[in-house]
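Geometric and topological summary
For reference, the chains in residue letters:
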Amino acid sequence: MTIVRFPAPIDPHVHLREPGYPHKEDIASGTAAALAGGFIVVLDMPNTRPPTDTPERLQDKIDRARRSAHCDIGFFLGATNDRRPETVVIAAKQAIGLKIYVNDTFGSLRIDNLELLNEYIKQWPGPGPIVTHAEGLMLAAVLALSHYHRQPVHIAHVSRGAEIKLIRKAKESGTPVTCEVTPHHLFLTQNDLTTLGQRGEVRPRLATPEDQTTLWEHMAWIDSFASDHAPHTIAEKDSNNPPPGFPGLETTLPLLLTAVQEKRLTIEQLIARIHTNPRHIFHLPEITDSYTEVELGGEWRLGEEPFFTRAGWSPFSGFLVRGRVRRTVIRGKVAFADKTIKVPPGFGEVLFPQSNSC
Ligand code: NCD
Ligand code: ZN
């Protein structure tokens, strides 16, 4: 068994559901799940209820996190059809980035108007990037606007071979684009729907084995991993109208560590994609004396120990994994050890993008 120390792991795509859906998750339970999963920083998405689409709603989330976050956290603003970009971008310095949904998913946020999409991409002042949910043909539209306006855009949860190939072309032609891939698109395919059934609903949908192979083959063009932790209860997933999304904070590192053990990924590639690159993309400050200790080797099954996420389930339950989070240390203080959260709510700090970092 080998112990490896990772510099402050960052999950740049989580849905902590506060405010609006406390039965699925809230900032306290979601940041506890993050620590148990080995993450020291999480970046929270704006599709809450209400959505984070005004400076006041962003400030409300910041205030809530200062009372209840166990680990460090940053918040995205969300672009919406209902507001002009000018009313949103004034809070850019308080947000870790701007999330633009151009495809349908859980929640009410979506831009379906080219003029507005163009204005948001043109006007966003940074320093954080624009993050888009842009699948299929919409990806081409977003890449073109990023290129045209020289605006850094980070593509969330890339799932298809054709998409990662287009991102590669865009990078090679100088478009300021970065991207992330989720563990569920790296370790599950649509073949798993036979066992997952409607619990396998997720956006982007699980793809083909060929798509999955192409993602692995393009690891050099994948900047970051992201759980897209999207907790819904098992009752909701089994209902007549199952919402899309999987919890992922506590399964991401064990799965990626297993890929390291299987020599599909190197430790250096993993550290780049859970720390160095996301820190750079999101202009995050350095968090000193903060690291996660993992154990490589041994074998255990995901789901055999209870999850901290309020969702309480995982599409990976039963998967045999060969890596485990032992200890999470933030600013010199042990935050998670012995399967227990060691820091109180409010210990986590709210992070803002640094204008001069990297
Ligand atoms: C996410 C959710 O539930 O908030 N669902 C999902 O399937 N990924 C929304 C999203 O990230 O698109
Ligand atoms: Zn998401």
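Above: the structure in question.
The paragraphs below set out a description of the structure included in this document. The model shown is predicted, which means the values in this text are computed figures rather than measured ones. (Residues numbered from 1 in each chain as written. Chains lettered and ligands numbered in written order. Predicted model: local features only at pLDDT ≥ 70, side-chain atom pairs only at ≥ 80, totals over all residues. Heavy atoms only, no water.)

Time to look at the coordination of the zinc ion (ligand 2). The coordination sphere of the zinc ion (ligand 2), as far as protein atoms go, consists of H13 (NE2), H15 (NE2) and D228 (OD), spread over 2.0 to 2.1 Å. For the zinc ion (ligand 2), the four donor atoms in the first shell make angles of 89 to 141° at the metal, so the coordination geometry reads as irregular. Coordination of the zinc ion (ligand 2) draws on donor residues from a single chain, spaced H-x1-H-x212-D in sequence. Of the two residues, H13 sits in strand β2 (residues 10–14) while D228 sits in the loop between β9 (224–225) and α10 (234–237), which places them 215 residues apart along the sequence. (Donors = N, O, S within 2.8 Å, 3.2 Å for Na, K, Ca; no water. Tetrahedral: all angles 85-135°; square planar, octahedral: opposite > 155°, others 65-115°. Helix = DSSP H or I, 4+ residues; strand = E, 2+ residues; numbered from the N terminus.)

With that settled, the discussion passes to the site of ligand 1. Near ligand 1 you find 15 residues, and of these R17, N47, T105, R203 and D228 are the closest. The separation between an oxygen atom of ligand 1 and a polar main-chain atom of R203 is 2.7 Å. By residue class, the composition of the shell around ligand 1 is four nonpolar, eight polar and three charged. (Near = heavy atom within 4 Å. Polar contact = N/O pair within 3.5 Å; in protein donor to acceptor, adjacent residues only side chain to side chain. Nonpolar A, V, L, I, M, F, W, Y, C, P; charged D, E, K, R; others polar.)

Here we take up the nonpolar core. Core analysis: the biggest nonpolar cluster contains 104 residues, and I73, L98, I100, I155, L265 and L270 have the highest contact counts within it. The greatest single-element share of this core, amounting to six residues, is contributed by helix α11 (residues 252–261). (Core = buried A, V, L, I, M, F, W, Y, C linked by side-chain atoms within 4.5 Å. Buried < 20%, exposed > 50% of the residue type's maximum accessible area, 1.4 Å probe, protein only.)

Turning next to the pattern of salt bridges. Under the counting rule described, the total for this entry stands at 22 salt bridges. With a shortest N-O distance of 2.8 Å, K61 and D44 are connected by a salt bridge. With K61 in helix α2 (residues 55–68) and D44 in strand β3 (residues 41–44), this pair connects stretches of sequence that are 17 residues apart. With respect to class, K61 is no different from D44; both count as buried. For R331, the salt bridge identified is with E349, shortest N-O distance 3.6 Å. Remark: E349 occurs in the segment after β13 (340–341) and R331 occurs in the loop between β11 (320–330) and β12 (333–337); sequence separation between them is 18 residues. (Salt bridge = Lys/Arg side-chain N within 4 Å of Asp/Glu carboxyl O.)

Moving on, we come to the pairing of β11. Here strand β10 (residues 291–301) runs beside β11; their pairing, made up of eight bridges, is antiparallel. Its bridge partner being in β11, T292 is matched across the sheet by T328. Direction of pairing for β11 relative to β12: antiparallel, over a ladder of four bridges. Each residue of the ladder has a partner; that of T328, found in β12, is F336. Counting the residues between successive antiparallel strands, the hairpin from β11 to β12 contains two residues, one of them, R331, with a positive phi of roughly 50°. (Pairing = 2+ DSSP bridges.)

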